[in-house]
Protein chains: 2
Amino acid sequence: MTGSILTQVQETARQARLAASQMASGAKESRTAALLSMADELAKNASQILEANKKDCQRAEALVSEGKMQASFLKRLHLDEAKLGSVIEGIRQIAHMDDQLGKTTLKRELDDGLKLYRVICPIGVILVIFESRPDALPQIMSLLVKSGNAGLIKGGKEAENSNRIIFDCLEKALSKNGFPKGAFNLLTGREEVADLLKLDNYVDLVIPRGSNDLVRHIQENTRIPVLGHAEGICHLYVDEKADLDMALKLSVDSKVQYPAACNAIETLLVHRKVAGVFLSQVIAALKEKNVEVRVDKSAIESFKLKDVGTADDTDWASEYSDLTISLKVVDSLDEAIDHINTYGSGHTDCIVTDDEKTFDRFFAEVNSAGVYCNASTRFADGFRYGFGAEVGISTGKLHPRGPVGVEGIVTYKYKLIGSGQTVAEYSGDNARCFTHRDCQ
Amino acid sequence: MTGSILTQVQETARQARLAASQMASGAKESRTAALLSMADELAKNASQILEANKKDCQRAEALVSEGKMQASFLKRLHLDEAKLGSVIEGIRQIAHMDDQLGKTTLKRELDDGLKLYRVICPIGVILVIFESRPDALPQIMSLLVKSGNAGLIKGGKEAENSNRIIFDCLEKALSKNGFPKGAFNLLTGREEVADLLKLDNYVDLVIPRGSNDLVRHIQENTRIPVLGHAEGICHLYVDEKADLDMALKLSVDSKVQYPAACNAIETLLVHRKVAGVFLSQVIAALKEKNVEVRVDKSAIESFKLKDVGTADDTDWASEYSDLTISLKVVDSLDEAIDHINTYGSGHTDCIVTDDEKTFDRFFAEVNSAGVYCNASTRFADGFRYGFGAEVGISTGKLHPRGPVGVEGIVTYKYKLIGSGQTVAEYSGDNARCFTHRDCQ
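Residues numbered from 1 in each chain as written. Chains lettered and ligands numbered in written order. Predicted model: local features only at pLDDT ≥ 70, side-chain atom pairs only at ≥ 80, totals over all residues.

With that out of the way, let us pick up the overall build of chain A. Secondary structure summary: chain A contains 15 helices and 17 strands in total. Along the longest, intermediate and shortest principal axes, the C-alpha atoms of chain A span 75 × 70 × 40 Å. Relative to its full complement of 440 residues, chain A shows a buried share of 52%. Within chain A, counting contacts between residues at least 6 apart in sequence, those at least 24 apart form 72% of the total. (Helix = DSSP H or I, 4+ residues; strand = E, 2+ residues; numbered from the N terminus. Buried ≥ 20, exposed ≤ 12 C-beta atoms within 10 Å, placed from the backbone. Contact = placed C-beta atoms within 7 Å.)

The following block contains the structure:
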């Protein structure tokens, strides 16, 4: 039985690989047409999609009332006309965005009649695994279509009905526009994913969007490169030269605007020189928003803080993903940077300061995908960056990094066009010399 | 004992991480000065370096005569004035190359007073492992210096004396130019490497340059990203519209100019329409260069070939790294592409054709880091591409790909500069809108 499932999964992956090869030579116009058609199909079938989503939500509500599902899931699962409308609008935006494929990023004459080009191309077959939110499916698929990649997509079981009808609409649009069969596949079982993780000859990249446990499990169980992040331990550092009103506003937004998001902060670092004034203000403001505040022991003593919890090394390394925050007083910029590089997860970290030089050092030395000055860490998001949408946020250092839109799921290949040049001509006595001239 | 080695290695790695943080804020001028100074130190100590190399070569010669080492090692180990001179010249070239660090590759206004930048920065700490060739050490170190990365470098035992004196010269130059202590380290033992592969909190990237076995062993024994390639199975496809004289010349160069190189071809694919004429010519030319030719069975029969070996599926998947070649007759461009994507290693593949449209399809559909037209596969090399040198050749599809110079060992981080913007202002009723305006 396992054997036959593996064979079926292998066949699905092989189909995707073949389709990817064909998609790689597809024209920009057909990608744009397909995207517009995807948006139209969703708009045309809006009422059926919302109907299917109602079924998923009813089932989920029953599970919540039985205590088998968290209530926060419901909100993420729910689709309404407005949410669907903005998804459709998003797809149209992506359709009209600049097309990356085929762009030349290096053009160099190596010698007379020998030219080198570096040309952007798709990565190939991408396996995406995501949880509850059915609006993620059209976002992800539109980024894959725009970037010329084939996709094997596994959605959450709780959004099964919504995902199925959305996928069928999108696939209909693709097939109308001549996309090869098997270019996209909606997977249903967990076993299929486990099998696909073994197929590094067919699958080029895995993008898991879900809990830390899911991501770490995948990272540890495949040789295929994984794009994403397990943890989002983000910091806000209030410098001695900070505008404290701004720092207060940003601390609250970065923590409470959506505490479950990976770009929400977990730790607030405060320079000792401003701590005397700032601590009581920020603790009061956070508590008003029902945030549990845990402060390092020495600061509690120095500043005689009351009614706060105590933070220890476990806290500095924790992603609460909830209304809890840790707070540490630091003596210097260096200590703040060191704390962030030691305990952070390389996601997004912000300094609040009016001193440009201080930010320059913070920017150079903090080792994260996003390093901000005077803005909420919650801006780390593909839509907010103007990428249309995102397939995930990457904390890896080999390209891509940060919110990943189309540019993050393309790569390049070198094109060399000669007129019969051999390497032997460039070695030994009377060797020809390279010109290495960059050209337009 | 193992415990104390691990502690020492951890300390080395921690030092490198600290140094990397300081190097990240270093100025372009200090990198250039350090590189010029590295070249000067090597030039000043040339005779001592050649002396040390003589010792290594003498020891190696003894091992060769005892049959404990391959004779081909000797040539790679040997340094002379000319070879050292070109290494020094190479470092000066890298010093004068365009500096990548700090370059802004995206500049976008998100809203009034809220600006997003994508800025190139070093990757951090890179562990490089290489075999015999002592000239690789200064090449690798100069690329690391240029790109602002710290380096943990393990050379081959057989080049111990050469590497030590070269490293000391380079380190002296760096320390003169204010580079932090511990930024570079020459490792000596294999155990140290094994321990470093576990330190994914300190080491950002591993670059193995050596045998397939070494690379595969490393890929399977670390969670740190590995840059490089295990195999180099490259192809030359002679299309029906090929200039056959050119195809003959390129076949010989791609195979015999340096058969042990990863960019030498292993398989020649020949379109059936030209096979009648071409096969006998190319087989004769290759045999003249002492190449063993293995041809697919049906072609031997169809074209009544004599005195050639028979190639089977094992041959298509073999990297001979020697004077052996496999040869297959194909019926179409599609069959050639399919063969390459099935058996190739994604390194470098070439088509010989006079038909532009045919190359366009070959380029789009062959899934390799280098896809050539009418030029030897042996051009896949950082120096030949004009990168000054290379740290390796990557067949991975997440950036970088192909010969990896400075651009392949830098990454970027996003810089967001605001004036106190919160995400809450951009949600709900009366939400502010993003402008998403790209700016100069």
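So, next bit.
Next up on the list: the domain arrangement of chain A. Here the domain parsing of chain A yields domain 1 (2-227 + 404-413) and domain 2 (234-379). For domain 1 of chain A versus domain 2 of chain A, the distance between C-alpha centres works out to 35 Å. (Domains from an automatic or database assignment.)

Now for the relation of the copies chain B and chain A. You can overlay chain B on chain A at an RMSD of 0.1 Å; the transform is a turn of 180 degrees with a shift of 0.0 Å along its axis. Here the transformation between the copies is reduced to the relation of a two-fold axis. Within chain B, His399 of chain B has its C-alpha nearest the rotation axis, a separation of 2.5 Å. The fraction of interface residues of chain B whose copies in chain A are also interface residues reaches 100%, indicating that both copies meet through the same surface. (Least-squares fit on C-alpha atoms with pLDDT ≥ 70 in both.)

Here we come to the sheet that holds strand β10 (residues 309-311) of chain A. Sheet architecture is open: 11 strands sit in the order β10(A)-β9(A)-β11(A)-β8(A)-β7(A)-β12(A)-β13(A)-β16(B)-β2(B)-β1(B)-β17(B), paired in mixed fashion. Both edges of this open sheet fall to β10 of chain A together with β17 (437-438) of chain B, since each of them pairs with a single strand only. For strand β1 (residues 104-111) of chain B and strand β2 (residues 114-122) of chain B, the ladder comprises six bridges, and the chain directions are antiparallel. The residue of β2 of chain B that forms the bridge with Arg108 of chain B is Leu116 of chain B. Sheet strands in contact with helix α14 (residues 333-343) of chain A are β7 (234-238), β8 (265-271), β11 (324-330) and β12 (348-352) of chain A, and its direction is about 140 degrees off that of β11 of chain A. In the packing of helix α15 (residues 356-365) of chain A onto the sheet, contacts are made with β12 and β13 (370-375) of chain A together with β16 (410-421) of chain B, and the angle to β13 of chain A comes to roughly 155 degrees. (Pairing = 2+ DSSP bridges. Axes fitted to C-alpha atoms, helices over the stretch in contact; angles between N-to-C directions.)

Bringing the interface of chain B and chain A into the picture now. Of the residues lining the interface, 57 residues belong to chain B; the matching set on chain A comes to 57 residues. It is β16 of chain B that provides the largest number of residues to the side of chain B that touches chain A, a total of 11 residues. Two elements, strand β16 (residues 410-421) of chain A and strand β13 (residues 370-375) of chain B, share five bridges in a ladder whose sense is parallel. Each bridged residue has a counterpart across the sheet, and for Lys415 of chain A the counterpart in β13 of chain B is Val371 of chain B.

What follows concerns the sheet that holds strand β6 (residues 205-209) of chain A. Residues and elements named next belong to chain A. Reading across the sheet, the four strands line up as β5-β4-β3-β6 and stay open at both edges, with parallel pairing between neighbours. Strands at the two margins of the open sheet, each flanked by one partner only, are β5 (184-187) and β6. On average, each strand axis in the sheet is inclined to that of its neighbour by 15 degrees, with strand direction left out of account. Pairing analysis gives four bridges linking strand β4 (residues 150-154) to β5, with the strands arranged parallel. Residue pairing across strands places Ile153 opposite Leu186, the latter belonging to β5.

Taken residue by residue, a regular strand's side chains alternate between the two faces of the sheet. Residues and elements named next belong to chain B. In sequence, β1 turns back onto β2 through a hairpin of two residues, with Gly113 there showing a positive phi of about 75 degrees. The pairing of β1 with β17 spans two bridges and is classified as antiparallel. Within β17, the residue paired with Arg108 across the bridge is Asp438.

Before going further, it helps to examine the nonpolar core. Residues Ile140 of chain A together with Ile140 and Val203 of chain B are the most contacted members of the largest nonpolar core, which totals 256 residues. In contact with Ile140 of chain B, other than residues within four places in its own chain, are Val128, Phe130, Ile153 and Val391 of chain B. (Core = buried A, V, L, I, M, F, W, Y, C linked by C-beta atoms within 7 Å.)

Turning next to the environment of Gln10 of chain A. Residue and element names in this part refer to chain A. Looking at the element boundaries, Gln10 is found in helix α1 (residues 2-23). You can call Gln10 partly exposed: it has 16 C-beta atoms within 10 Å. Considering only alpha carbons, one finds Gln10 and Glu192, 182 residues apart in sequence, at a separation of 9.4 Å.

Residue and element names in this part refer to chain A. Backbone geometry at Lys304 places phi at a positive 45 degrees, although glycine is not the residue there. Looking at the element boundaries, Lys304 is found in the loop between α12 (297-302) and β10. What makes Lys304 exposed here is the crowd of 8 C-beta atoms within 10 Å.

Before going further, it helps to spend a moment on the environment of Ala285 of chain A. All names here are of chain A. By secondary structure assignment, the location of Ala285 is in helix α11 (residues 272-288). Separated by 77 residues in sequence, Ala285 and Pro208 have C-alpha atoms that sit 35 Å apart. Apart from the residues lying within four places of it in its own chain, the contact partners of Ala285 are Leu248 and Val252.

Turning next to the packing of helix α2 (residues 28-44) of chain B against helix α7 (residues 160-176) of chain B. Residue and element names in this part refer to chain B. Direction vectors running N to C along α2 and α7 enclose 140 degrees, while the axes themselves pass 8 Å from each other. The pairing of α2 with α7 is recorded here as oblique in orientation. Seen from above, α2 lies across α7 with right-handed handedness. On α7, the residues that touch Ala34, Ser37, Met38, Glu41 and Leu42 of α2 are Ile166, Cys169, Leu170, Lys172, Ala173, Leu174 and Lys176. Of the residues that constitute the contact of α2 with α7, the class distribution is eight nonpolar, one polar and three charged. (Parallel < 35°, antiparallel > 145°, perpendicular 65-115°, else oblique. Left-handed = near helix turned anticlockwise from the far one by under 90°. Nonpolar A, V, L, I, M, F, W, Y, C, P; charged D, E, K, R; others polar.)

This part is about α2 of chain B. All names here are of chain B. Taking 1.5 Å per residue as the helical rise, α2 with its 17 residues ought to reach 24 Å, and the 25 Å between its terminal C-alpha atoms agrees with that figure. Among all positions in α2, only Arg31, Ala34, Leu35, Ser37, Met38, Ala39, Glu41 and Leu42 are buried. In this fold, the buried residues of α2 make contact with α3 (46-65), α5 (81-96), α6 (136-146) and α7. (Expected span 1.5 Å × (residues − 1).)

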